[in-house]
Amino acid sequence: MDRFNQVFNEVPLAEVHDLAARRAEEGWRYVQILAVNTEEGIDLVYSYMKDGLLENDTVAAVGADDAVPSITDLFLEAFVCENEIHDLYGVAIENIAIDFGGMFYQLAEKAPMTVVSPEQLAAREKAKKIAAAKAAKEAAAQKEQAAPAAPAAVAGPTEEEIQAKIAGLDPEKAAKVRAAMEAKAKKAAAAAVETAPAPSAALTEEEVQAKIAGLDPEKAAKVRAALEAKAKKAAAAAGKGE
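Residues numbered from 1 in each chain as written. Predicted model: local features only at pLDDT ≥ 70, side-chain atom pairs only at ≥ 80, totals over all residues. Heavy atoms only, no water.

(A) View of the layout of surface pockets. Volume-wise, the second largest pocket comes out at about 160 Å³. Every residue along the wall of the second largest pocket is listed here: His86, Asp87, Gly90, Val91, Gly102, Leu107, Glu109, Lys110 and Ala111. Within the lining of the second largest pocket, the residues separate by chemical class into three nonpolar, three polar and three charged. (1 Å grid on protein atoms, 1.4 Å probe; cavity = no way out; pocket = protein on both sides within 12 Å on 5 of 7 lines; lining within 4 Å. Points joined across faces, edges and corners; volume = space filled by probe spheres on them. Nonpolar A, V, L, I, M, F, W, Y, C, P; charged D, E, K, R; others polar.)

Structure follows, in structure tokens:
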């Protein structure tokens, strides 16, 4: 049994026809066009063979609005795959030499190969929520790391420090020094409180999404409402404090 080697190349949609023209000129044999339904769109794999080598040129994520040029002017036999891909996957392929106009298959449903089951849809939605929650968690962690550190609390002088200052002074002067040191400490503590940034009680949308990821819609709505009410209450309290 003869063996062959194969390689896979990624190519942009705009180069599909030019690449097919080079293949035809160089004596490559057309094999097939394969379509694969993905989350991002339809992947098209153009396969050509020559001298025991199978080249697979992949165009990734073709969308519903993308126009794909036909290669049937170069490889007429490709009309079968092109009509099939149009009918089963809804890919718009232009200028097919033998065009069945969407009637290559008698289908009860348009583009049936792009339809996903409820189980597949649920699995995809769950995966998206998990990914969104993870991204929100990472963003919150990065935000927390980037936030400026709160200023250290200003501690008043200890009794030992006061005693060291007033040692050897007469009682009247010692009392004045003690009062001055305590007043200075209180003033510094008050200034530190005024300049310290107020904590933000409101959560970002990413943080909210992280909290409600994976919950059913009713419970998610309740959690969101509770978080928003808590943020409003905290903001109102902060406004009164000012």
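Text resumes after the structure shown.
(B) Focus on the environment of isoleucine 85. Note that isoleucine 85 resides in helix H2 (residues 79–89). Sequence separation between isoleucine 85 and alanine 111 is 26 residues; the distance between their C-alpha atoms is 8.8 Å. If we skip the residues at most four places from it in the chain, isoleucine 85 touches Ile33, Ala35, Leu44, Gly90, Val91 and Ile93. (Helix = DSSP H or I, 4+ residues; strand = E, 2+ residues; numbered from the N terminus. Contact = heavy atoms within 4.5 Å.)

(C) Spotlight on the sheet that holds strand E4 (residues 53–62). Pairing is mixed across the open sheet formed by four strands, whose spatial order is E1-E4-E3-E2. Both edges of this open sheet fall to strand E1 (5–10) and strand E2 (29–37), since each of them pairs with a single strand only. Within the sheet, the average angular offset between the axes of one strand and its neighbour, ignoring direction, is 20°. Pairing geometry for strand E3 (residues 42–50) and E4, over eight bridges, is antiparallel. Bridging across to E4, isoleucine 42 finds its partner in valine 62. The strands touched by helix H1 (residues 16–25) within the sheet are E1, E3 and E4, with E4 carrying the most contacts at an inclination of about 170°. Along the sheet, H2 contacts E2 and E3; its crossing angle with E2, the most-contacted strand, is approximately 5°. (Pairing = 2+ DSSP bridges. Axes fitted to C-alpha atoms, helices over the stretch in contact; angles between N-to-C directions.)

(D) Geometry of the pairing of E1. E1 sits mainly on the outside: zero of its six residues count as buried. As defined by bridge partners, E1 adjoins E4 across six bridges and the pair is classed as parallel. Paired with valine 7 across the two strands is glutamate 55, which belongs to E4. (Buried < 20%, exposed > 50% of the residue type's maximum accessible area, 1.4 Å probe, protein only.)

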